[in-house]
Protein chains: 2
Amino acid sequence: MGKQSFYDFKIEDIIEFIMKRKAKKVLIQAPNGLKHLFLKHLEELKKELPNVEFIISGDPAYGSCFLAEIEAKRVNADLIVHVGHTEYYKATIPTIYVEAFSKLALTEKLAKKLLNYIKNLNVKNIGLCGVLQHLRSIEQVKKLLENNGYKVYIGKHGPYTKYDGQVVGCDYVSALTVNSNVDLHLIVSGGLFHPVGLGLATLKPVVKLDPYEEEVVDLTKEVKKVLRKRYWRIMESLNAENYGVIVGMRKGQYRPNLVKSIEKLVRRKGGRSTRIVMDIVTEENLLNLDNSFDAYIVTSCPRIPIDNLGEFRKPVLTPGEAYMVLTESLEKYIFPW
Amino acid sequence: MGKQSFYDFKIEDIIEFIMKRKAKKVLIQAPNGLKHLFLKHLEELKKELPNVEFIISGDPAYGSCFLAEIEAKRVNADLIVHVGHTEYYKATIPTIYVEAFSKLALTEKLAKKLLNYIKNLNVKNIGLCGVLQHLRSIEQVKKLLENNGYKVYIGKHGPYTKYDGQVVGCDYVSALTVNSNVDLHLIVSGGLFHPVGLGLATLKPVVKLDPYEEEVVDLTKEVKKVLRKRYWRIMESLNAENYGVIVGMRKGQYRPNLVKSIEKLVRRKGGRSTRIVMDIVTEENLLNLDNSFDAYIVTSCPRIPIDNLGEFRKPVLTPGEAYMVLTESLEKYIFPW
């Protein structure tokens, strides 16, 4: 089975949304991993809507915080098709969020692996969450676990997610609301990005149910490794005086109140800071600023310091870590904000 | 001598400009190569203007076409300090262009090298140009050559340059207006970027006078090498049917009329095209779109196909090259537009 058929993009819903809005120019935005899969449907869309011009956003889309409103305005698009994420903020241009649910179900093989794995852990209460693509299968997983005597907790969604049990890179509220009840968190997800975030946010054991690999993977050690690295960067920052405070260029990554409260903490600690506005925070861009700052605080996206700049020559902190450093409260790791 | 003292940033002029405009929030934008040099003056600016907040644009600034207006609006800056380039288009926010003239003069050693080198070429008429940073020394070079019996031509500046004799990566008009009179072009510049562009635009021999290296370098062969590669990409595109037309996100890189005329040529040749709006055109971003297109045409900046994507797995063309392909006019290489 090609990856192409893994996702249900609900093309009919997109066509209906565009027709209802009588849009003439439509901007398509998708995260890099889904872009070529969604674009396989481009000819279909063009055929069904011959009077609509489709324009592609070619930049990366890390989340719906990165909604391509600037691009849409530039090319006078009157509608955005945003693939792979749920709404993050109210857009000024009509936007349809294409949720791209995976067609992968919980196979019998994977169910067996899961039960076998958990049996050995001596746990009773399990927090259950998943990324949007695999959210359809969490009810299945819940039933499976309950039928086998476990108590399963699926928390209410947070401010940047839409469904209960859904997590994104910066919003683990649905896991946090049940955190005190559970012995471990089980997440339906591929990769490391979301499971590691889940561990950093909850500080509890994390097991991943990976539908792509059909594997059950304990990531608790992986999370601890990341946590050790983060404490290294936090310790390095304790004597910093001159901070570069990175501010997002995109509306969904612009948090002026967070910036102001961080600046206040910097001043209270006797330091100074300069704002740096940036669209995409890369090592190269930071290197070109360097020698000007002792440490950086990224207010646009809490994943950048951890996932992209963990090894940078100067410490690069999330807002939560900055709070720890600036108030010298090192007892509990704070993530994401 | 540290690189720091190479450039005259005219800090007093910047202070005066900011005071006159009563700006409260100033966004500083500089190309990556000059950023850390200019930022050495940040504390000086803060001290002289204690009531002004200075914010840094951390993204790259390839030219003044990339003016950080989006960033300025995001952080409510009321003035932009743009370092290293002259004006490209009328900004909607008061902007001072800091011309960053090099303090390097034409040394006796370099003058001798130049005369020795040119003596052996059997030329009489020389076109003379330079990049902004070294423009102060071209009058000196002109005198030197004239005193030694050469006829020197410095052309009128083009639409995207400010001074006669000035060239930028996409505007070689000051060389083109004297092209028919000269045997070779002499350019005062470091690196390869501007000299190679000069050769592609004029198709005449190019000699570089490099004030950093104190060297005279004939780049005619280098230009021919690039030209051969470009013809390879052009030949590969002749049978393309499905074009991705890349449109810039920044105002200075958005050329709707150029886009429309290219799309018309594509249709006339029986092909089809899709617009792709993009801020920074990288190999990674293009790879994520791939299999959808046979070839790409970049309308935002003519240097991207040549300097960054010359080896990409699909041909990526400049507008001039696209014109050659779509009209099957291969006799003369067209650069930049």
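Sequence order as written defines residue numbering, which begins from 1 separately in each chain. Whichever chain is written first is A, and whichever ligand is written first is 1; the rest continue in order. A pLDDT threshold of at least 70 governs which residues receive local features in this predicted model, and a stricter bar of 80 or more applies before side-chain atom pairs are shown or counted, although totals over entire chains, interfaces and linings include all residues.

1. Section: the sheet that holds strand 11 (residues 215-218) of chain A
All names here are of chain A.
Line of reasoning, step 1. Taken in spatial order, the 5 strands of this open sheet run 8-7-9-10-11, and their pairing is mixed. Strands at the two margins of the open sheet, each flanked by one partner only, are strand 8 (151-153) and strand 11. When strand polarity is set aside, the average angle formed by the axes of neighbouring strands in this sheet is 25°.
Line of reasoning, step 2. Here, any two strands with at least 2 DSSP bridges between them count as paired. The helix count covers DSSP runs of H or I at least four residues long, the strand count covers runs of E at least two residues long, and both are numbered beginning at the N terminus. Here strand 9 (residues 184-188) pairs with strand 10 (residues 206-210) via 4 bridges, running parallel. Across the sheet, the residue bridging to I187 is K208, located in strand 10.
Line of reasoning, step 3. What counts as a contact here is a pair of residues whose C-beta atoms, placed from the backbone, lie within 7 Å. Under this scheme, a helix contributes an axis fitted over its contacting stretch, all axes are lines through C-alpha atoms, and angles between N-to-C directions fall in the 0 to 180 degree range. Seen against the sheet, helix 6 (residues 138-147) touches strand 7 (125-130), strand 8, strand 9 and strand 10 and runs at an angle of roughly 165° to strand 7.

2. Points about the domain arrangement of chain A
Residues and elements named next belong to chain A.
Line of reasoning, step 1. Throughout, the edges of the domains are those of an automatic or database domain assignment. Domain assignment breaks chain A into domain 1 (3-100), domain 2 (108-218) and domain 3 (224-326).
Line of reasoning, step 2. A separation of 29 Å is found between the C-alpha centroids of domain 1 and domain 2.
Line of reasoning, step 3. Contact residues are listed per partner, giving 7 residues for domain 1 and 7 residues for domain 2.

3. Observations regarding the interface of chain B and chain A
Line of reasoning, step 1. Listed per partner, the contact involves 32 residues of chain B and 32 residues of chain A.
Line of reasoning, step 2. Elements that contribute at least two residues to the side of chain B that touches chain A include exactly helix 2 (32-39), strand 3 (53-57), helix 4 (69-74), strand 12 (242-248) and strand 13 (272-278) of chain B.
Line of reasoning, step 3. At 5 residues, the largest contribution of residues to the side of chain B that touches chain A is made by strand 13 of chain B.
Line of reasoning, step 4. Taken together, the residues of the side of chain B that touches chain A sort by class into 16 nonpolar, 9 polar and 7 charged.
Line of reasoning, step 5. As judged from the 3 bridges shared by strand 13 (residues 272-278) of chain A and strand 3 of chain B, these two strands associate in the parallel manner. Its bridge partner lying in strand 3 of chain B, A:I276 is registered against B:I56. Ten residues, namely Ala, Val, Leu, Ile, Met, Phe, Trp, Tyr, Cys and Pro, are considered nonpolar, four, namely Asp, Glu, Lys and Arg, are considered charged, and the remaining ones, Gly among them, are considered polar.

4. Some details on the environment of B:L128
Residues and elements named next belong to chain B.
Line of reasoning, step 1. With respect to the element layout, L128 can be found in strand 7 (residues 125-130).
Line of reasoning, step 2. The buried category is assigned to L128, around which 24 C-beta atoms lie within 10 Å.
Line of reasoning, step 3. The residues touching L128, leaving out its near neighbours within four places in the chain, are I138, V141, K142, V152, Y153, I154, G165 and L186. Comment: burial labels come from other C-beta atoms within 10 Å of the residue's own C-beta, placed from the backbone, where a count of 20 or more is buried, 12 or fewer is exposed, and between is partly exposed.

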